[in-house]
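# What the coordinates show
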Amino acid sequence: APDLALQVAEQPGGMAEVILQVRKGADRGRLTAALAREGVHVRRGFKSIDGMLVSLPVSALEQLAAEAGVEALSPDRPVMSTMTTADGHVQRASGASEVVEAGLDGAGIGVAIVDSGITAGFPDLRDENGKGSSRVIARVDFADGPRKTGDPYGHGTHVAVLAAGNGSVSREYGENFSGVAPAANLIDVRVLDDRGNGRVSRVIDGLDWILAHHQRH
């Protein structure tokens, strides 16, 4: 990765935190020995990918990257929320219009929102035109910092409404801006903090949780 190469050049005596992807068919014993030899500390492993978050001396990056059992090394890069206001973007990108015309509304489906959290009480995310029970049926928090519920930053709720809002708020103003699957349930997988920031490794943690629990929801 170019940013790792830059770190090697600029901070040869420092430490790096990287995501190590294991090559298919790798000799696990040899790889474990290589990690110990290079002073690598395994922070945690992942399930959705064959890899792990590790910290190691910058000086050992090139040697570890050349190890036969290593498919790739990449920095645990920052991630952040983004937003588009382009008219019709969601409908065009997702094919939502065709789905709605086919009479499908997401009933009985659980949609995981991997973002900054969800404000469960938001009317568009409730049953019965915004007055029934919340359709946020499960939540888990992987964001750095204190454990929280809800959506301190606000972006995840925005995404949840795009995915599964029932349009109840807009109907109060004579419009009907519903989401792609307005009857779907929602699973709140929080990976971004109060400022909408996080790390790639936290996103992978969220995907691991989804992989482990998807049949429940």
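Everything below is about the structure shown above.
Here goes a summary of the coordinates provided. (Residues numbered from 1 in each chain as written. Predicted model: local features only at pLDDT ≥ 70, side-chain atom pairs only at ≥ 80, totals over all residues. Heavy atoms only, no water.)

This part covers the pattern of salt bridges. Working definition: two side chains of opposite charge can pair if their charged atoms are close together. Inspection of every chain in the model, using the stated rule, returns 16 salt bridges. Among the ionic pairs, arginine 147 bridges to aspartate 141, the shortest N-O distance being 3.4 Å. Accessibility expressed as a relative area gives 15% for aspartate 141, which makes it buried. Note that arginine 202 is salt-bridged to aspartate 144, the shortest N-O span being 3.0 Å. Here the residue arginine 202 occupies a position in helix α8 (residues 200-213), and aspartate 144 occupies one in the loop between β7 (136-141) and α6 (155-164), the gap between them amounting to 58 residues. Take arginine 202: its relative accessible area is 23%, and that puts it in the partly exposed class. Several salt bridges converge on common partners, so that one network encompasses Asp141, Arg147, Lys148, Arg190 and Asp194. (Salt bridge = Lys/Arg side-chain N within 4 Å of Asp/Glu carboxyl O. Buried < 20%, exposed > 50% of the residue type's maximum accessible area, 1.4 Å probe, protein only. Helix = DSSP H or I, 4+ residues; strand = E, 2+ residues; numbered from the N terminus.)

With that out of the way, let us pick up the sheet that holds β7. Read across the sheet, three strands follow the order β6-β8-β7 without closing on themselves; strand pairing throughout is parallel. Each edge of the sheet is formed by a strand with only one pairing partner; in this case those strands are β6 (110-115) and β7. Between one strand axis and the next, the sheet turns through 15° on average, direction left out of account. The pairing of β6 with strand β8 (residues 185-190) spans six bridges and is parallel. Following the sheet pairing, glycine 110 is matched in β8 by asparagine 185. Where α6 meets the sheet, its contacts fall on β6 and β8, and the angle it forms with β6 comes to roughly 150°. Each of β6, β7 and β8 touches α8; the most contacted strand, β8, lies at about 140° to it. (Pairing = 2+ DSSP bridges. Axes fitted to C-alpha atoms, helices over the stretch in contact; angles between N-to-C directions. Contact = heavy atoms within 4.5 Å.)

Okay, the sheet that holds strand β2 (residues 41-45) next. Sheet architecture is open: four strands sit in the order β2-β3-β1-β4, paired in antiparallel fashion. Across the chains shown, the open sheet's two edge strands, defined by having one partner strand only, are β2 and β4 (70-75). The mean inter-strand angle of the sheet, taken between neighbouring strand axes irrespective of direction, is 30°. The pairing of strand β1 (residues 15-22) with β4 spans five bridges and is antiparallel. Bridge pairing in β4 places valine 18 opposite proline 75. The sheet contacts of α8 involve β1, β2 and β3 (51-57), and relative to β2 the element is tilted by about 40°.

Moving on: the nonpolar core. Val18, Leu20, Leu56, Leu61, Leu64 and Leu73 are the most contacted members of the largest nonpolar core, which has 18 residues in total. Only β1, α2 (28-37), β3, α3 (61-65) and β4 provide two or more residues apiece to this core. Among the elements that make up this core, the one with the highest residue count is β1 (four residues). Dropping the residues within four chain positions of it, leucine 73 is found in contact with Ala1, Leu4, Val18, Ile19, Leu20, Leu61, Leu64 and Ala65. (Core = buried A, V, L, I, M, F, W, Y, C linked by side-chain atoms within 4.5 Å.)

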